[in-house]
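# Descriptive analysis of the structure
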Amino acid sequence: MTDAQPIVLLLSGPNLNLLGEREPAVYGTATLDDHVALAAATAAGLGLSVEHLQSNHEGALVDAVHAARGRCAAIVVNPGALTHYSWALHDALAAFEGPVVELHLSNPNAREEWRHTSVVAPVATGAIAGFGGDGYRLAVEAVAHLLGPGRP
Ligand code: DQA
(Lines give C-alpha, C1' and ligand atoms only; values in the text may rest on other atoms or scores of the structure.)
Protein backbone atom coordinates (compact mmCIF):
# COMPACT_ATOMS: atom_id res chain seq x y z
CA MET A 1 0.00 0.00 0.00
CA THR A 2 1.30 3.47 -0.86
CA ASP A 3 0.20 6.95 0.10
CA ALA A 4 -0.96 7.42 -3.48
CA GLN A 5 -3.81 4.94 -3.10
CA PRO A 6 -7.22 6.60 -3.21
CA ILE A 7 -9.02 6.39 0.13
CA VAL A 8 -12.53 4.97 0.39
CA LEU A 9 -14.24 6.16 3.56
CA LEU A 10 -16.46 3.41 4.95
CA LEU A 11 -19.03 4.76 7.41
CA SER A 12 -21.15 2.62 9.71
CA GLY A 13 -24.07 4.14 11.54
CA PRO A 14 -25.89 3.44 14.80
CA ASN A 15 -26.08 -0.10 16.22
CA LEU A 16 -23.82 -1.60 13.56
CA ASN A 17 -21.21 -2.10 16.29
CA LEU A 18 -23.54 -4.85 17.55
CA LEU A 19 -23.43 -6.89 14.35
CA GLY A 20 -22.91 -10.55 15.11
CA GLU A 21 -25.12 -10.29 18.20
CA ARG A 22 -27.91 -8.05 16.94
CA GLU A 23 -30.85 -9.74 15.19
CA PRO A 24 -28.68 -12.39 13.51
CA ALA A 25 -31.68 -13.69 11.54
CA VAL A 26 -31.78 -10.30 9.79
CA TYR A 27 -28.17 -9.17 9.79
CA GLY A 28 -26.20 -12.43 9.96
CA THR A 29 -23.59 -13.62 12.43
CA ALA A 30 -20.53 -11.83 11.03
CA THR A 31 -19.20 -8.90 13.03
CA LEU A 32 -18.58 -5.39 11.77
CA ASP A 33 -14.84 -6.13 11.96
CA ASP A 34 -15.43 -9.06 9.58
CA HIS A 35 -17.22 -6.77 7.10
CA VAL A 36 -14.55 -4.09 7.34
CA ALA A 37 -11.84 -6.72 6.75
CA LEU A 38 -13.65 -7.88 3.59
CA ALA A 39 -13.97 -4.29 2.36
CA ALA A 40 -10.29 -3.62 3.08
CA ALA A 41 -9.12 -6.82 1.37
CA THR A 42 -11.29 -6.08 -1.68
CA ALA A 43 -9.96 -2.52 -1.79
CA ALA A 44 -6.34 -3.67 -1.53
CA GLY A 45 -6.83 -5.90 -4.58
CA LEU A 46 -8.19 -2.92 -6.52
CA GLY A 47 -5.49 -0.42 -5.53
CA LEU A 48 -7.69 1.37 -3.02
CA SER A 49 -7.44 1.79 0.73
CA VAL A 50 -10.26 1.82 3.26
CA GLU A 51 -10.71 4.04 6.29
CA HIS A 52 -13.54 3.00 8.58
CA LEU A 53 -15.56 4.83 11.20
CA GLN A 54 -18.52 3.45 13.14
CA SER A 55 -20.52 5.81 15.30
CA ASN A 56 -23.83 5.77 17.10
CA HIS A 57 -23.89 9.58 16.84
CA GLU A 58 -25.21 11.42 13.81
CA GLY A 59 -22.87 14.40 14.29
CA ALA A 60 -19.76 12.21 14.32
CA LEU A 61 -20.77 10.78 10.95
CA VAL A 62 -21.50 14.26 9.58
CA ASP A 63 -18.06 15.41 10.80
CA ALA A 64 -16.43 12.41 9.10
CA VAL A 65 -18.10 13.27 5.78
CA HIS A 66 -16.88 16.86 6.09
CA ALA A 67 -13.35 15.66 6.82
CA ALA A 68 -13.49 13.42 3.73
CA ARG A 69 -14.05 16.38 1.39
CA GLY A 70 -10.99 16.86 -0.79
CA ARG A 71 -9.24 13.95 0.92
CA CYS A 72 -11.18 10.76 0.17
CA ALA A 73 -12.02 9.52 -3.31
CA ALA A 74 -15.35 7.92 -2.40
CA ILE A 75 -17.67 7.11 0.48
CA VAL A 76 -19.43 3.82 1.21
CA VAL A 77 -22.04 4.39 3.89
CA ASN A 78 -24.31 2.07 5.81
CA PRO A 79 -26.16 4.69 7.82
CA GLY A 80 -28.22 2.18 9.83
CA ALA A 81 -31.51 3.74 10.94
CA LEU A 82 -30.19 7.22 10.06
CA THR A 83 -30.89 6.14 6.47
CA HIS A 84 -34.54 6.79 7.07
CA TYR A 85 -34.51 10.25 8.67
CA SER A 86 -31.12 11.97 8.78
CA TRP A 87 -31.37 15.03 6.60
CA ALA A 88 -28.13 16.18 8.23
CA LEU A 89 -26.32 13.17 6.76
CA HIS A 90 -28.09 13.80 3.44
CA ASP A 91 -26.83 17.40 3.37
CA ALA A 92 -23.29 16.41 4.36
CA LEU A 93 -23.12 13.76 1.62
CA ALA A 94 -24.48 16.30 -0.89
CA ALA A 95 -21.41 18.42 -0.11
CA PHE A 96 -19.03 15.53 -0.87
CA GLU A 97 -17.69 15.68 -4.41
CA GLY A 98 -16.96 11.98 -5.05
CA PRO A 99 -19.13 8.90 -5.54
CA VAL A 100 -21.29 7.76 -2.63
CA VAL A 101 -22.46 4.14 -2.34
CA GLU A 102 -25.34 3.48 0.07
CA LEU A 103 -24.97 0.03 1.58
CA HIS A 104 -27.32 -2.19 3.60
CA LEU A 105 -26.95 -5.75 4.78
CA SER A 106 -30.68 -6.34 4.61
CA ASN A 107 -33.07 -5.13 1.92
CA PRO A 108 -34.94 -2.29 3.65
CA ASN A 109 -37.54 -2.19 0.87
CA ALA A 110 -38.60 -5.73 1.75
CA ARG A 111 -39.05 -4.87 5.45
CA GLU A 112 -41.26 -2.53 7.49
CA GLU A 113 -42.81 0.40 5.64
CA TRP A 114 -40.82 3.01 7.58
CA ARG A 115 -37.61 1.50 6.19
CA HIS A 116 -38.75 2.04 2.61
CA THR A 117 -37.73 5.69 2.67
CA SER A 118 -34.04 6.51 2.34
CA VAL A 119 -33.15 10.17 2.69
CA VAL A 120 -29.60 9.25 1.69
CA ALA A 121 -30.65 7.74 -1.65
CA PRO A 122 -31.12 11.10 -3.45
CA VAL A 123 -27.46 11.99 -2.83
CA ALA A 124 -26.04 8.49 -3.40
CA THR A 125 -24.56 7.43 -6.71
CA GLY A 126 -26.16 4.02 -6.18
CA ALA A 127 -27.18 1.51 -3.54
CA ILE A 128 -26.34 -2.08 -2.65
CA ALA A 129 -28.81 -3.79 -0.35
CA GLY A 130 -29.93 -7.26 0.58
CA PHE A 131 -26.75 -9.21 -0.12
CA GLY A 132 -25.64 -9.52 3.49
CA GLY A 133 -21.91 -9.22 4.15
CA ASP A 134 -21.09 -9.74 0.48
CA GLY A 135 -22.40 -6.20 0.01
CA TYR A 136 -19.16 -4.86 1.47
CA ARG A 137 -17.21 -6.48 -1.38
CA LEU A 138 -19.77 -5.36 -3.96
CA ALA A 139 -19.73 -1.78 -2.67
CA VAL A 140 -15.95 -1.49 -2.95
CA GLU A 141 -16.03 -3.04 -6.42
CA ALA A 142 -18.69 -0.49 -7.40
CA VAL A 143 -16.45 2.30 -6.14
CA ALA A 144 -13.52 0.98 -8.20
CA HIS A 145 -15.71 0.99 -11.32
CA LEU A 146 -17.02 4.46 -10.56
CA LEU A 147 -13.52 5.86 -10.07
CA GLY A 148 -12.45 4.23 -13.32
CA PRO A 149 -9.00 3.62 -14.77
CA GLY A 150 -7.98 7.27 -14.58
CA ARG A 151 -9.11 7.55 -10.99
CA PRO A 152 -7.60 10.12 -8.65
C1 DQA B 1 -29.52 -1.48 7.82
C2 DQA B 1 -31.02 -1.32 7.55
C3 DQA B 1 -31.63 -0.24 8.42
O4 DQA B 1 -33.03 -0.15 8.19
C5 DQA B 1 -31.42 -0.56 9.88
O6 DQA B 1 -31.92 0.49 10.69
C7 DQA B 1 -30.00 -0.88 10.22
C8 DQA B 1 -29.23 -1.70 9.29
C9 DQA B 1 -28.92 -2.67 7.04
O10 DQA B 1 -27.68 -2.72 6.92
O11 DQA B 1 -29.64 -3.55 6.58
O12 DQA B 1 -29.51 -0.53 11.28
O13 DQA B 1 -28.87 -0.30 7.38
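In short, a report on the structure. (Residues numbered from 1 in each chain as written. Predicted model: local features only at pLDDT ≥ 70, side-chain atom pairs only at ≥ 80, totals over all residues. Heavy atoms only, no water.)

## Let's talk about the site of the ligand
Test applied: We call a residue near a given molecule or strand whenever any one of its heavy atoms falls within 4 Å of it. Whenever two N or O atoms come within 3.5 Å, that pair is a polar contact, provided that in protein one can donate a hydrogen and the other can accept it, and provided that, for residues adjacent in sequence, both atoms are side-chain atoms. Note on definitions: the grid is 1 Å and covers protein atoms alone; a cavity is a set of points where a 1.4 Å probe fits but cannot get out; a pocket is an open set with protein on both sides within 12 Å along at least five of seven lines; lining residues have an atom within 4 Å of a point. A pocket or cavity is taken to hold a molecule when more than half of that molecule's atoms are within 2 Å of the pocket's grid points. Gly counts as polar in this scheme, as do all residues outside two lists: the nonpolar Ala, Val, Leu, Ile, Met, Phe, Trp, Tyr, Cys and Pro, and the charged Asp, Glu, Lys and Arg.
The full set of residues close to the ligand is R22, Y27, N78, G80, A81, H84, H104, L105, S106 and R115. Between the ligand and R22 there is a distance of 3.0 Å, counted from an oxygen atom to a side-chain nitrogen or oxygen. R115 places a polar side-chain atom, nitrogen or oxygen, 2.9 Å from an oxygen atom of the ligand. The cavity where the ligand resides is the largest pocket. Of the residues assigned to the shell around the ligand, the class counts are 3 nonpolar, 5 polar and 2 charged.

## Digging into the pattern of salt bridges
Applied cut-off: Put simply, a salt bridge is a Lys or Arg side-chain nitrogen that is within 4 Å of an Asp or Glu carboxyl oxygen. Burial classes: relative accessible area under 20% of the type maximum marks a residue as buried, over 50% as exposed, and values in between as partly exposed (1.4 Å probe, protein chains only). In DSSP terms, a helix is any run of H or I states spanning at least four residues, a strand is any run of E spanning at least two, and both are numbered starting from the N terminus.
Scanning the model with the defined rule gives 5 salt bridges in all. The residue R111 makes a salt bridge to E112 at a minimum N-O spacing of 3.8 Å. Relative accessible area serves as the criterion here: at 36%, E112 is assigned to the partly exposed category. With its nearest N and O atoms 3.0 Å apart, the salt bridge here joins D134 to R137. Linking D134 with R137, this pair stays in helix 5 (residues 134-147), spanning 3 residues, or about one helical turn. Here D134 falls in the partly exposed class, since its relative accessible area comes to 34%.

## Overview of the layout of surface pockets
Let me state the cut-off plainly: Grid points are joined across faces, edges and corners, and a volume is the space filled by probe spheres set on the points.
Of the volumes computed, that of the largest pocket is approximately 170 Å³. Y27, G80, A81, H104 and R115 are, among the 16 residues lining the largest pocket, the residues nearest its centre. Its residues assigned to classes, the lining of the largest pocket comprises 6 nonpolar, 7 polar and 3 charged.

## Observations regarding empty space enclosed by the protein
Applying the stated rule across the entire model yields 1 cavity of 30 Å³ or more. In this model, the largest cavity occupies a volume close to 30 Å³. In terms of lining, the largest cavity is formed by V8, L10, A39, V50, V76, Y136 and V140. Of all the elements in the fold, those that place two or more residues in the lining of the largest cavity are strand 1 (7-12) and helix 5. Each residue belonging to the lining of the largest cavity can be placed in one class, and the counts come to 7 nonpolar, no polar and no charged.

## Let's talk about the sheet that holds strand 1
How we decide: Two strands pair if DSSP finds at least two bridges between them. To get an axis, fit a line to the C-alpha atoms, keeping to the stretch in contact for a helix; angles then go from 0 to 180 degrees between the N-to-C directions. Residue contacts are counted whenever heavy atoms from the two residues lie within 4.5 Å of one another.
Overall, parallel pairing links the 5 strands, which are arranged 2-1-3-4-5 in an open sheet. At either end of the open sheet lies a strand with only one pairing partner, and these are strand 2 (49-54) and strand 5 (126-129). Sheet twist, expressed as the average angle between the axes of neighbouring strands with direction ignored, equals 20°. Taken together, the 6 bridges between strand 1 and strand 2 define a ladder with parallel strand orientation. Bridge pairing links L11 to L53 in strand 2. Its contacts with the sheet put helix 2 (residues 32-45) on strand 1 and strand 2, and the angle it makes with strand 2 is roughly 160°. Most of the contacts of helix 3 (residues 58-68) go to strand 1, to which it runs at about 170°, and overall it touches strand 1, strand 2 and strand 3 (74-78).

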